[in-house]
Protein chains: 2
Amino acid sequence: MTATTDARQGTTRTPAPRVALSSTADPRVDVAALTEQLLGQYAELRRGARAVAGEPDFQKIEGLPMPEQRERVLHQLRELVAHHDVLRAFPSRLGGADDHGGSLARFEELVAGDPSLQIKAGVQWGLFASAILHLGTAFHHDTFLPDAMSVAVPGAFAMTEAGHGSDVAAIGTTAEYDPATQEFVIHTPFRAAWKDYLGNAGLHGTAAVVFAQLVTAPAGAQRVNHGVHAFYVPIRDAATGEFLPGVGGEDDGLKGGLNGIDNGRLHFDHVRVPRTHLLNRYGDVAPDGTYSSSIASPGRRFFTMLGTLVQGRVSLDGAAANASKLALGIAVRYGNERRQFAGAGPDEVVLLDYQRHQRRLLPLLAETYATTFAHEELLAAFDEVFSGRGETPEGREDLETLAATLKPTSTWLAMRTIQECREACGGAGYLAENRLVGLHQDLDVYVTFEGDNTVLYQLVGKRLLTDYAKALRSGGAGDVARYVADKAVHRTPLVRAAQTLADVGDARRSAGQLRDEDTQRELLTERVEVMVADLAAALRPAAKLPPAEAASLVNSHQHELIEAARAHAERVQWEALTRGVHAATDPGTQQVLTWLRDLFGLTLVERHLAWYLVNGRLSAGRARTVSSYIDRLLVRLRPHAQDLVDAFGYGPEHLRAPIASGQEAQRQDEARAYYRAERAAGREAVPEKHVR
Amino acid sequence: MTATTDARQGTTRTPAPRVALSSTADPRVDVAALTEQLLGQYAELRRGARAVAGEPDFQKIEGLPMPEQRERVLHQLRELVAHHDVLRAFPSRLGGADDHGGSLARFEELVAGDPSLQIKAGVQWGLFASAILHLGTAFHHDTFLPDAMSVAVPGAFAMTEAGHGSDVAAIGTTAEYDPATQEFVIHTPFRAAWKDYLGNAGLHGTAAVVFAQLVTAPAGAQRVNHGVHAFYVPIRDAATGEFLPGVGGEDDGLKGGLNGIDNGRLHFDHVRVPRTHLLNRYGDVAPDGTYSSSIASPGRRFFTMLGTLVQGRVSLDGAAANASKLALGIAVRYGNERRQFAGAGPDEVVLLDYQRHQRRLLPLLAETYATTFAHEELLAAFDEVFSGRGETPEGREDLETLAATLKPTSTWLAMRTIQECREACGGAGYLAENRLVGLHQDLDVYVTFEGDNTVLYQLVGKRLLTDYAKALRSGGAGDVARYVADKAVHRTPLVRAAQTLADVGDARRSAGQLRDEDTQRELLTERVEVMVADLAAALRPAAKLPPAEAASLVNSHQHELIEAARAHAERVQWEALTRGVHAATDPGTQQVLTWLRDLFGLTLVERHLAWYLVNGRLSAGRARTVSSYIDRLLVRLRPHAQDLVDAFGYGPEHLRAPIASGQEAQRQDEARAYYRAERAAGREAVPEKHVR
C-alpha cells in the first residue's frame, strides 16, 4: 500500500494518518490519476469551484436560524459574482463565456459548500436568468440579463402552481393581452393557481419570470389561448421589499432542508406588464394582438420552451453524484477506523472488515462511480446541444431523455447513499457536525423538484416505447438505445426482443462468466429490450379501446413502464462506468475499477435476479453464483475502498466531519496505549471469569 | 361507501368532505370497530395519551431554535407528571401503578405530539428511572426514584461511550472500590471512554446512572474486574447547573432531529460515590470490598442487567409503528384528493388512482398494519414478563429476541414509509408544515439507538442458529419459531429443512393459490427454515478451525445471517397480521384486511422471488403471477385506502398537515367551479389547437 499512499498524499488534501487495511492487495489504485479522470472534461473549473466550496465563507453553518441562513446565502451569491467566475453560461458580450457545460460543472461543486448555495445559484442563474436568456430575445438580454446576472435583481422562476406541478401545461395563471394599452394582464384566477415553492419568492425576489396561459384576441377575432408562455414581471419594490401593487404572496416557511433559500408563493391580481415583457423567442404577440410563432404546433412549442430548462436536471444529476461522494468519503473513512467488538486477533474489528458493512457501502460506492461517469457524458451532451455544436431537434430530444434518465437515478442514489452512510456511522452519524443528516435534509427535495423522479421515469419509459414502435415500423433499423451516448459498443435493435423472449435457457449465456463484460452488457440490455417489448405488446390493444378503457389499460402497466425506465437507466450507467474503466490508463487502477464495475453489474443482476430467472436468462444454478461472486468482489475491493473515496478528490475542508478527520483512529490508539501501559505496569484488574 | 362514511364520521376526528373513490367496492370497513381493534389491549390508555398529544402544548413547533425546543420539552415532561398519568410503570407504593405494558402504550402515543417528548420521557423514565428501578434495590427506590419520577432530578443514562456503543461490555469507564472510604471511584481513563449521545447530559441532567467496569480487591486479594455495573452519580449542581467537581462534559449540539433533547457527553475524573450508589440488584460489594452476585456467570449477569432495559426497544417499536401511521394518514389523504394530469374523463386524475401511487403507498400500509399487530403481541409479552406473571429466564430471553426482531423491522419501515410519503406528496411534502420531513428527521436515529438495527438482527440470527442446533440435537422436538408468540398456528420444526431443500418443484405447492393463507405461511416459514439450515451447514466447519479462520468464515456469512433474521421478522409480522385478520369480527372488515394481509404476504414473496425460484419453491410460471396478483390486490384495496388510514384513529390534531386537511380538494373544487363558470358565461378562451 505504500506507493498508493504516497501517491494519494501527494495529490489529495487528506494527509491524515493512514489506516491499516485488512489484506494486502496486488493491484494499486493510482489515486492522483483516478482523481483527474473523475474530475473529467472540466477538471480545472471543478478544482476552482472546489476551492470556493472549501472556503468557510461559502459553507453551510448547521443550525443557523432560517432568516440568517437566507441572508448568508444571498450574500454568498453576490460574493460569487464579485469574486468568482460564475457567469460562464451567459453571452460573452454580457461578460459571460458562452460555456454551458463548464458553468454547470462549477455549480455542481458548490454542493460541497452548501446545497442551499448551489440551489439558490440554480434559481437565480439556472432558472430565472436562463429563462430570460433562452426564452427571451435581444431586448430581454440587454434589458434584464445584466441585473439578473449580477443579482442586482434576485428573481423567481414562477412556473409551478399549488395546483399544478408536474403538469405545467395545465397551470391556471393567465396573461391576457390588452391591445388598447399594449400590455399583458397577469392574473391568478383562483387559489390553486398561486405560484408556489419558488426560490427567491419568499423574500429576496424583486422580479419573476412568470409562466401563464397567453390569451389574445386580435381585433374582432375570438379570444385564443396560445398556451403557456413566460413573462418578465417585477414583483417587489427593491427599496422597501414590499410587493408591488397587484402582487401578493406568502413565505413557504421552514422546509425539510435548503433553508438558505426563501421559497414562497406568489399571486397576481390583474398585474399589467408591457407587451415587450413577453419572453418572445418561441412565440410573440404583435401590437394589435396577433400571435405568431416559429413553431406551428402548440404542443411542440410548449415542449421546446420547457426543453431550454433542461440544465436544472443536468446540474442536479451532477450535484447528487457529488453529495454521494461526500457521504461515502465520510462513512468509508470512519468505517476504516472505527472498531467494534473483539475479533480473533488482539484488536477489535474495523467496521469495514465486517462483510455486512462492505455490503452496505461498497455497492453504493460502485453506483456512485457509475453515476459520476454517466454524468460526465450527460454534461458533454448538454454542452454539445447548448453550445450549438450539436443542436438538432433530435439532439435536444436525446439530451432531454438522457437527463430524465439520469436525474432520478442519481438523486435517489444520493438519498440511499447518504442515509446508509448516516446509519453506518451510528449515533455519530446523527450529529449535525458530521454532515450526513444535513446532506440528507438538503438533498431530499432533489428527487421531486425540477421534474418529479417518478414522472421523469415515465417520460423515459414512453420514449422507450416510441423508439421501439419506430424500430418495429422501420423493420429493425431503429435502436432504442440510440440516445445512450453509446458510441463504441454494440447496439441491439429492440426488435430482436421478440426472438430472445423465446430463447429460454441459452446454454452459452447461462454458462457464461457473470463477470464477463459482454455477459453483463447482454443481461442488462436484454432486460430493457424484453421489458419494453412486453410492455408494448401489453399496451397494443389500447389503440382500439374507448378512451376510458385505454387509459385504464395503460394505467394498469404504469409500474412496469417505470421499471423499464429504471432498467434503462441502470444500463446507461453501467455502459458509462465501463467506458470509464476502459479509459483508465494505469493497469492497477483499471483492475480495481473493473472489480468495481463488476460489483455494480452483478448488484444490478442480483437486484433483478427474479426477472432473469422467470425470463429464462439465468438458470437457477447460475443465479445462485451471483451473490457469491458479489461476496468475493467485496473482499477484493475492500482494501481499495479508501483509495476509491480519496480519488473523489475531496479534502477535509469539504468533508468537514470530525468522524472523518482521523480523530477516531487517534482515540482508539490512545485507548490501546492505555491498556498496554496498564498491562505493562501490572495494574490491570483480572477479569472475573479468569479468577473463578 | 355511505355506511362506511357514516361510521367513520361518527368515530374519528376527521369530518372532512369525503373524496370520490375510483370504484365501488362491495365489502365495507367498519372503521370504528377496526380503530378499536388497532388500539388493542390498552385502548383506553392510548386514547388518553392521544388526547395529550392532541393538545398544542405537547406538540412540536417546527423550526424552534434548539435551546427553546429543549426548554419546551423539559417543561412538557414536568407537565406530564403534574397533570397526566405517566408514572404507571413504577411501584404502586411510590405512586405508580405497576403497569408496565400500559405505561409503554401511553408513551408510544406521544410520538404524535413530538418525538422529542417521547424520547425525553424515554430517557428520564424508561432508562434513568428504570435503571434505578430494575437494577437497584429498596434503598435506591426509596432514595432516588421519587425525584427521578417527578423529574426533580433529570437524569442521564450513561452507558454508551464514544468508543463503545453496540459493544457495551467493552466500555472503558471504571468504578474501583475503595474500602478505606467505602466509596466507588468513577473514572474515565481516556477520550474514547467519554460517555456520549446521552439525553439529559448536555444540559438538564443533575444525576446519571453510569455504567462502568466494577473493580474491587477485598483485603489482600487481587484486583478483579467484575464487569459492567450501574452506579448512581450526581453530575450537576441543581442550583447553578454547573458540573460537580471531577465531572466534565460537552453538549452534542445539533442533531439530525430530536433537538428537544439535550444529548451530550460526560467524563469523570476520579469522582467518588458512596458504596450504596452501586445499583446492586444483580451484583453487590460488601464494605470490605467482597463482591457477590446471585448470578454466577459474569456473561449471564451482564445480559440479565441489560435485559431489564428491553422496554426501550419495545416502545420504539410501537412509536415507529405510530409514526408510519401518521405519515400514511397524511399521504393517503393527500393522494386521495390531489389531482394531476388529465385522464380519460372530464376531471384530472386523483394521484391514488395511479397504479404506481398505489404501489408506493399500499404495501407500506399493509406493512404498517402488520407492524401494529405484531407490536401488540410484543407489548403483551413484555407485560407478561415485567409484571412477573411470565417471568422465567426463557420468557425473558424470548421477549428480548422478539424485541430485537421487531424493533429493527418497524423502525426501518417508519423510515421507508415517511420518506415514500414525503416524496408522494411532492414539493408540499417538503414543507415543514406538512410534518413528513420533521418525522423523518426525528425518527431517523430510532434505527441505530437502543440497539443498532444491524446488530439486533445479528442477535436474532444467532438465536435462530442456536435454536436450530438445539432442535437438531433434540431430534426435531425443538422449534425455531417458538418465540414467535405463535400460539394457534402450525409450528414447523426446523429440522424439516434438510428434506424440504431437496423437495424442488413440489407440484402441489407451486400450483397452490398464492393468496391462500397456508401457502403464504409455508412460503414464508420455509424460507426462514432453509436459510437457517443453509447457514448452519455453512458455519459448521468453524468449530474445527483456528480462531482467525473461524471468525473469517463466520464473517463471510454475516450478510446471510442478517437476511435470515429479516426473513424471520417478516414471518413474525405476517403471522401477527393474520391473527389480526382472524380477530376482526365484521365480515367486510375481515375481507379488506384479508386483502391487506395478502398484499403484505405477496409483497414479501415478490421481494424475495429470486430466492423462491432458485430454491425451487416457486416455478417460473407461478412466480410470474405474483406481481399480477399484487396488481389486482391494489385495485381491490384502493377504494378502502382512506378507511384503512382513518381506522388508525388519528384526527387532524394529530396529523396537523394542511395537505391532509381537505384544503387540497377545496382548492380544486374552486378551480373547477371557476372554469365551469367561465364556460357557462362564454368567457373561455379557445385553445389554439382547436382554432387552427
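Here the structure is a predicted model, which is why all the values come from computation and not from measurement.

Draft legend 1. Highlighting the nonpolar core. Among the nonpolar cores identified, the biggest contains 257 residues, and Tyr369(A), Tyr446(A), Leu644(A), Tyr369(B), Tyr446(B) and Leu644(B) are the most heavily contacted of them. Among all residues touching Tyr369(B), those that are not within four sequence positions of it are Leu34(B), Leu38(B), Leu577(B), Leu593(B), Leu596(B), Leu644(B), Ala647(B) and Phe648(B).

Draft legend 2. The arrangement of the environment of Arg93(A) in detail. Residues and elements named next belong to chain A. Looking at where Arg93 falls in the secondary structure, it is placed in the loop between α4 (66-83) and α5 (100-109). Arg93 sits 450 residues away from Ala543 along the chain, and the two C-alpha atoms are 52 Å apart. If sequence neighbours within four positions are ignored, Arg93 has contacts with Ala138, His141 and Asp142. At 2.7 Å, the side chain of Arg93 and the side chain of Asp142 are in polar contact.

Draft legend 3. Spotlight on the packing of aromatic side chains. By the definition in use, this model includes 34 aromatic pairs over all chains. Ring centres 6.4 Å apart and planes at 50 degrees place the aromatic pair Tyr369(A) and Phe373(A) in the tilted group. Of this pair, Tyr369(A) and Phe373(A) both sit in helix α10 (residues 355-386), 4 residues apart, which is roughly one turn of that helix. Here Phe373(A) falls in the buried class, since its relative accessible area comes to 9%. Put simply, the rings of Phe128(A), Phe139(A), Phe144(A) and Tyr232(A) touch in pairs and so form one group of aromatic residues. A cation sits over an aromatic face here: Arg515(A) above Tyr629(A), 4.4 Å from the ring centre. Lying across the ring of Trp194(B), Arg191(B) places its NZ or CZ 3.8 Å from the centre.

Draft legend 4. Quick look at the relation of the copies chain B and chain A. Overlay of chain B on chain A (RMSD 0.0 Å): rotation 180 degrees, translation along the axis 0.0 Å. As the rotation angle and translation indicate, the two copies are arranged about a two-fold axis. The C-alpha atom lying nearest the rotation axis in chain B is that of Ala610(B); the distance is 2.0 Å. When the interface residues of chain B are mapped onto chain A, 100% of them are again interface residues, pointing to one common binding face.

Draft legend 5. Focus on the UniProt feature "domain: Acyl-CoA oxidase C-terminal" (unreviewed entry) in chain A. In the numbering used here, UniProt assigns the feature "domain: Acyl-CoA oxidase C-terminal" (unreviewed entry) to residues 552-660 of chain A. When the span residues 552-660 of chain A is considered, its composition is 78% helix and 0% strand, and the gap between its end C-alpha atoms is 52 Å.

Draft legend 6. Region of the structure containing the environment of Gln419(B). Secondary-structure assignment places Gln419(B) in helix α11 (residues 393-424). Since its relative accessible area comes to 11%, Gln419(B) is described here as buried. C-alpha separation for the pair Gln419(B) and Val437(B), spaced 18 residues apart in sequence, amounts to 7.8 Å. At 3.0 Å, the side chain of Gln419(B) and the side chain of Asp444(A) are in polar contact.

Draft legend 7. A look at the UniProt feature "domain: Acyl-CoA oxidase C-alpha1" (unreviewed entry) in chain A. The feature "domain: Acyl-CoA oxidase C-alpha1" (unreviewed entry), as given by UniProt, occupies residues 307-465 of chain A in the numbering adopted here. Here residues 307-465 of chain A is 74% helix and 4% strand, with 20 Å between the C-alpha atoms at its ends.

Draft legend 8. How the structure looks around the interface of chain B and chain A. In this complex, chain B contributes 104 residues to the contact, which on the side of chain A involves 104 residues. Across the chain B to chain A interface the summed buried area is about 8,200 Å²; carbon plus sulfur atoms make up 51%. By the criterion of area lost to chain A, the three top residues of chain B are Arg356(B), Tyr430(B) and Glu688(B), representing 10% of everything that side buries. Taken together, chain B and chain A are joined by 8 salt bridges. For the salt bridge of Arg265(B) with Glu433(A), the shortest nitrogen-to-oxygen distance reads 3.5 Å. There are 66 residue pairs in polar contact (both at pLDDT 80 or more) connecting chain B and chain A. Among the elements that make up the side of chain B that touches chain A, the one with the highest residue count is helix α19 (residues 558-583) of chain B (6 residues). Counted by class, the side of chain B that touches chain A contains 44 nonpolar, 27 polar and 33 charged residues. Pairing geometry for strand β14 (residues 686-687) of chain A and strand β6 (residues 224-234) of chain B, over 2 bridges, is parallel. Of the residues in β6(B), the one forming a bridge with Pro687(A) is Asn225(B).

Draft legend 9. Representation of the pattern of salt bridges in the model. All names here are of chain A. Scanning all chains against the criterion turns up 101 salt bridges over all chains. The partner of Asp262 in a salt bridge is Lys120, and the shortest N-O contact between them spans 2.8 Å. Placement of Asp262 in the loop between β7 (247-251) and β8 (264-268) and of Lys120 in helix α6 (residues 115-135) is noted, with a sequence separation of 142 residues between them. Residue Asp262 shares its accessibility class with Lys120, and that shared class is buried. Linking Asp196 and Arg265 is a salt bridge whose minimum nitrogen-to-oxygen distance equals 3.1 Å. Within this pair, whereas Asp196 is found in strand β4 (residues 195-198), its partner Arg265 is found in strand β8, the two being separated by 69 residues in sequence. Comparing Asp196 with Arg265 shows no difference in burial state: the two are buried. Here the salt bridges do not stand alone but share partners, grouping Glu517, Asp518, Arg521, Arg571, Glu575, Arg597 and Asp598 into one network.

Criteria and thresholds
Starting afresh in each chain, residues are numbered from 1 along the sequence in its written order. Chains carry letters and ligands carry numbers; both start at the beginning, A for chains and 1 for ligands, and go up in the order they are written. Given that this is a predicted model, residues contribute local features only at a pLDDT of at least 70 and side-chain atom pairs are listed and counted only at 80 or more, while totals for whole chains, interfaces and linings are drawn from all residues. The side-chain quantities take in all heavy atoms of the structure and omit both hydrogens and water. For the purposes of this section, nonpolar cores are sets of buried Ala, Val, Leu, Ile, Met, Phe, Trp, Tyr and Cys residues that join through side-chain atoms within 4.5 Å. For the exposure calls, accessible area comes from a 1.4 Å probe over protein chains only, and a residue counts as buried if that area is under 20% of its type's maximum, exposed if over 50%, partly exposed in between. Note on contacts: a residue pair qualifies if any of its non-hydrogen atoms lie within 4.5 Å across the two residues. Numbering goes from the N terminus for both helices and strands, where a helix is a DSSP run of H or I of at least four residues and a strand is a run of E of at least two. Any pair of nitrogen or oxygen atoms within 3.5 Å is treated as a polar contact; in protein, a donor-acceptor pairing is required on top of that, and neighbouring residues in sequence qualify only through side-chain atoms on both sides. Stacked, tilted and edge-to-face are the three classes assigned to paired rings of Phe, Tyr and Trp, where Trp is represented by its six-membered ring and a pair needs centres within 6.5 Å; plane angles under 30 degrees give stacked, over 60 edge-to-face, the rest tilted. Two thresholds decide whether a charge sits over a ring: the Lys NZ or Arg CZ must be within 6 Å of the ring centre and within 35 degrees of the ring normal. A least-squares superposition brings the copies together, and it is based on the C-alpha atoms of residues with pLDDT no lower than 70 in both. UniProt positions are given in the numbering used here, feature names are shortened, and annotations may be inferred rather than shown by experiment. Joining two parts hides part of their accessible area as seen by a 1.4 Å probe, and the buried area is that hidden amount summed over both. For this document, the term salt bridge refers to a Lys or Arg side-chain nitrogen within 4 Å of an Asp or Glu carboxyl oxygen. Only Asp, Glu, Lys and Arg are considered charged in this grouping, and only Ala, Val, Leu, Ile, Met, Phe, Trp, Tyr, Cys and Pro are considered nonpolar; every other residue, Gly among them, is considered polar. The rule for pairing is simple: two strands pair if DSSP sees at least two bridges between them.

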